[in-house]
Amino acid sequence: MELQYNNYQLACSNGGIEVRKGGKLLYFNRRPLFVTVKTMFAVSEFYDAPYEKAEFTDGRLTARGTLRVPSGSAFTFTDIYETDAAGFKVSRCVRVLEAGDDLGFSSKFSLVLAESDNPRDYQCFAPGFWYRQNEFAPAEMMGKDLDCEYFWMLETRCALPLFSMHHTGSGEMVSLSRYAADVGMRSLDIEQSENNVDPRFSIGSLGMSRPDSRTLNYMYYGFAVRKDNPTPIDGLSIDYVYPGCDGQTPLKKNYGGLDYHNKVMSFRRINHPVEPGFEQNYSVSINFGRHESFQEMMRDIWRITYSRLRDGLFCVDNERHFRNCMNIFIKYTRKYGDSYGLPFACQLPDMDISSVSLQFGFVGQQPGIGNLLLRYGDRENMPEAREKGIGILEFWVKNSMTQSGLPQMCYNPSLQGFEPYPHYVRMLADGMEAILDAYVYLHKRKEEKQDWLEFCIKTGDWLVRVQNEDGSFYRAYNTDGSIRMDSKSNTPSVIRFLVQLYLVTGNETYKCAALKAGDWSFTNAYLNMEYRGGTCDNTDIQDKEAGIYALFGFLALYDLTQDPHWLEGATGAADYTETWTYAWSFPVHTPWPKHPFNQYSISGQSIITIGGGADVYMAACSYIYYRLYLLTGDAHYLDFAQFIHKNTRQSNDIDGTSGYIMPGLGHESGNFSSQKLGSQYHWLPWCTFVEADPSEKLFETFGVYEIEDAQKLGREELEKRNRIYDSYF
């Protein structure tokens, strides 16, 4: 009795399941019936058993059995295996037959990996949570300590509910993912704790485990309670646990004054009630494949899962939304003494201004907003918008430059001076690109701003001077140009500025610097996946925005040179970056009556740093992914471009019905993996900028605000317009 997909055979044998390829055993489970019970002592014990019978009918394998545990509880299992479009699917029903002296239970579907039981022999992938062996994750992140026994994460922490393991020797991959985006709302009157019961909890966990033959439970202060367990352990397995749990995870803080000095860990479990008749029903997709590299594996399994689980496209009028964004900029840009700009932060829903500090790039995006206001004011014949845009740009050009060639990053109008702040090269790139773009725009209109160009040249010359021999730049510098942070991972950030400065000036040194930075970035960011430190207010850890800026840089080099080497880097960065985007959806409770998530879903939001909260920053990439589609012909990039051009809008009050003071407003970020939204519930200028800027670029390049409208242009016309550097200056 077996099922086959490509070269992989899944069979029931001797009460277990096994997966072979060309006769070689790759994965197995000799005792597929598995439960963890929360005993009367509120600790967890696990038990397993083989199937009792299996049958093959209508192309399906159906296996059944009953598992009894020492307390007297009994559970019946019915597992149905079948093939689908991309692999295998198992649909499981677990029913409580008898209730003993237990407080709760969970079940697990798993496959033991026959090639090796050493986690170090595998590179893992959980979108937005785990890449390779999490080399660039913080110390407390799961996967950093591979000597742990359990590596289970709630699937709502992942941009797609997916976990894959890639054997570095053979190239074989096994992947488990939730089959459907059918998570329901958990019990909101129950607070998730270290080991609680929630009958409504329908989130699973994904990951791997290699447990000791002892139970493992942590007290609230991290002390491990262990006892011998009779269940045999066959090795390292890939797992889907239902309902889910989070653990084992190192804790940041220890309780003081305790006589316990071992490593402090956390293992938070959720259980279903052990009540006769209670049922669990869930389905898991099982995928296998062989891949030459982690990048190839990541790309393929992400796309397979994306095509099955991607949320529907949000209905939004993007031209209307763009105009709402511009109205926000016009209203909240003002003169602050001798400066022009927007507040640093405003509390929602009424835009109560909580902080005024003007930031060159990153979360402030002041010159970028000035550039948008200038263009919008001219196109719409709105002198107020033009005046405010010019005012912002003039302020930075006339006031921020230092003797070294580095502009200051943060201006405080109350102090009438600049705040002490590192000169992040990522933030530098944001502001410099905007000022150069504004210069080019006015130059084409026969309005010369020579001091704007000189401002850009002075910083370009500084970049050339400080560039390292290997082509890299450091993450941040002091005002005098000395090194502030010596990580090199932000090098891709300045590539596009250097390319465009070369196009304006014809100075070959800028082109050479861009190419050298590209070489370093190709080897380290793309090939080594060292996408980290892109968010200036976080530590130098793996994140999404480092991938975004690598994509920007590689694509600029390809636009300049037409060298396919750079297109490879761009597609590699794009494939990595999109895996941070919540492509699926699940219900989320918000604590505020006025919030878009009360009406819309969370799909389109994207994880910020590895294992962290989510924001709307992927909105910045819709134009780039569409251009990438036109360059490659890869229809997936078109689909993803449309997805982020629409679904990112769901965190905004797009039409005024959410109750914000102005339509178009949205919050900065939040964490909703627990299905309860946690957020500072405030707006920062970047939130609106990253939605308006790609819409402006889409309009300037293709004359439309919707990607589907751009698609109506002929192929020849699209290709002509997509050669953006043919008419840049």
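No experiment lies behind these values; they were computed from the predicted model shown.

Asker: Just checking my understanding: could you explain the environment of T333 for this structure?
Answerer: Topologically, T333 is positioned in the loop between α2 (318-332) and β25 (334-336). Using a relative accessible area of 1% as the deciding quantity, one classes T333 as buried. Each C-alpha atom, one on T333 and one on P343, is 7.8 Å from the other, the two residues being 10 residues apart in sequence. With residues near it in sequence (within four places) discarded, T333 still touches Y340, G341, L342, L373, K388 and I392.

Asker: I would appreciate a short explanation of the layout of surface pockets in the present structure.
Answerer: If a probe as big as a water molecule is rolled over the atoms, it shows which places are left empty. The calculated volume of the largest pocket comes to roughly 830 Å³. As for the largest pocket, its lining consists of 33 residues, and the residues nearest its centre are R375, K444, E700, T701 and Y728. Going through the elements one at a time, α3 (366-379), α5 (425-444), α7 (495-505), α9 (544-561), α11 (622-632), α13 (685-702) and α15 (715-722) are the ones with two or more residues in the lining of the largest pocket. A per-class count over the lining of the largest pocket returns 11 nonpolar, four polar and 18 charged. For the second largest pocket, the calculated volume is near 690 Å³. Around the second largest pocket, the lining comprises 25 residues; the ones closest to its centre are R157, T249, P250, L251 and S266. Contributions of two or more residues to the lining of the second largest pocket are made by β14 (150-154), β22 (245-250) and β23 (265-271). Per element, the largest residue contribution to the lining of the second largest pocket is four residues, and it comes from β23. Across the lining of the second largest pocket, the residue classes tally to 14 nonpolar, five polar and six charged.

Asker: How should I be thinking about the pairing of strand β2 (residues 8-13) in this particular structure?
Answerer: Two faces belong to every sheet, and in a regular strand the side chains alternate between them. For β2, the buried fraction is high: five of the six residues fall into the buried class. Bridge analysis of strand β1 (residues 2-5) against β2 gives four bridges, and the strand direction is antiparallel. Across the sheet, Y5 pairs through a bridge with Y8, a residue of β2. Connecting β1 to the antiparallel partner β2 that follows it, the hairpin turn spans two residues, and N6 within it adopts a positive phi of roughly 50°. Hairpin connection between β2 and strand β3 (residues 16-21): a loop of two residues separates the two successive antiparallel strands, and N14 in this loop has a positive phi of roughly 55°.

Asker: When you look at the sheet that holds strand β15 (residues 162-167) in this model, what are you seeing that I'm missing?
Answerer: Sheet strands line up and pair through hydrogen bonds in the backbone, either parallel or antiparallel. Reading across the sheet, the nine strands line up as β7-β8-β9-β10-β24-β16-β15-β12-β13 and stay open at both edges, with antiparallel pairing between neighbours. In this open sheet, the two strands that pair with only one neighbour each are β7 (53-57) and β13 (130-132). Looking at each pair of strands side by side, their axes are set apart by 20° on average, direction ignored. In this sheet, strand β8 (residues 60-68) lies alongside β7 in antiparallel orientation, the contact comprising five bridges. Pairing of E55 across the sheet is with T62, part of β8. Strands β12 (122-126), β13, β15, β16 (172-178) and β24 (279-290) of the sheet are contacted by helix α1 (residues 294-309), whose axis makes an angle of about 30° with β12.

Asker: What's the story with the side chain of T39 in this structure? I'm lost.
Answerer: Inspection of the secondary structure puts T39 in strand β5 (residues 33-39). By relative accessible area, which is 6% here, T39 ends up buried. In contact with T39, other than residues within four places in its own chain, are E45, D101, D102 and L103.

Asker: I tried to follow the packing of aromatic side chains on my own but got confused; where do I start?
Answerer: The relation between two aromatic rings is expressed through the spacing of the ring centres and the mutual angle of the planes. Throughout the structure, instances matching the rule amount to 58 aromatic pairs. Ring pairing ties together the aromatic residues F125, Y131, F294, Y531, Y576 and W580, which thus form one cluster. A cation over an aromatic ring shows up here: R334 above the ring of Y336, its NZ or CZ 4.9 Å from the ring centre.

Asker: Would you mind showing me how to read helix α4 (residues 383-399) here?
Answerer: Three- or four-residue spacings in an α-helix give side chains the same orientation, since the helix completes a turn every 3.6 residues. Across its 17 residues, α4 extends 24 Å between first and last C-alpha, which sits within 8% of the 24 Å expected from 1.5 Å per residue. Of all the positions in α4, only A385, K388, G389, I390, G391, I392, L393, E394, F395, W396 and V397 are classed as buried.

Asker: Explain the pattern of salt bridges to me, please; I cannot follow it from the model alone.
Answerer: Two side chains bearing opposite charge may form a pair once their charged atoms approach each other closely. Under the counting rule described, the total for this entry stands at 54 salt bridges. Between D575 and R299 there is a salt bridge, with the nearest N and O atoms lying 3.4 Å from each other. On the criterion of sequence distance, the pair formed by D575 in helix α10 (residues 564-578) and R299 in helix α1 is long-range, its members being 276 residues apart. When its relative accessible area of 28% is taken as the criterion, R299 is described as partly exposed. Salt-bridge contacts for R386 lead to D378; the nearest nitrogen and oxygen are separated by 2.6 Å. Take R386: its relative accessible area is 22%, and that puts it in the partly exposed class. Residue classification places D378 among the buried residues on the basis of a relative accessible area of 19%. Where salt bridges share partners, they join R299, D300, R303, D575 and D634 into one cluster.

About the criteria used
Residues numbered from 1 in each chain as written. Predicted model: local features only at pLDDT ≥ 70, side-chain atom pairs only at ≥ 80, totals over all residues. Heavy atoms only, no water. Helix = DSSP H or I, 4+ residues; strand = E, 2+ residues; numbered from the N terminus. Buried < 20%, exposed > 50% of the residue type's maximum accessible area, 1.4 Å probe, protein only. Contact = heavy atoms within 4.5 Å. 1 Å grid on protein atoms, 1.4 Å probe; cavity = no way out; pocket = protein on both sides within 12 Å on 5 of 7 lines; lining within 4 Å. Points joined across faces, edges and corners; volume = space filled by probe spheres on them. Nonpolar A, V, L, I, M, F, W, Y, C, P; charged D, E, K, R; others polar. Pairing = 2+ DSSP bridges. Axes fitted to C-alpha atoms, helices over the stretch in contact; angles between N-to-C directions. Phe/Tyr/Trp six-rings, centres within 6.5 Å; stacked < 30°, edge-to-face > 60°. Lys NZ or Arg CZ within 6 Å of the ring centre and 35° of its normal. Expected span 1.5 Å × (residues − 1). Salt bridge = Lys/Arg side-chain N within 4 Å of Asp/Glu carboxyl O.

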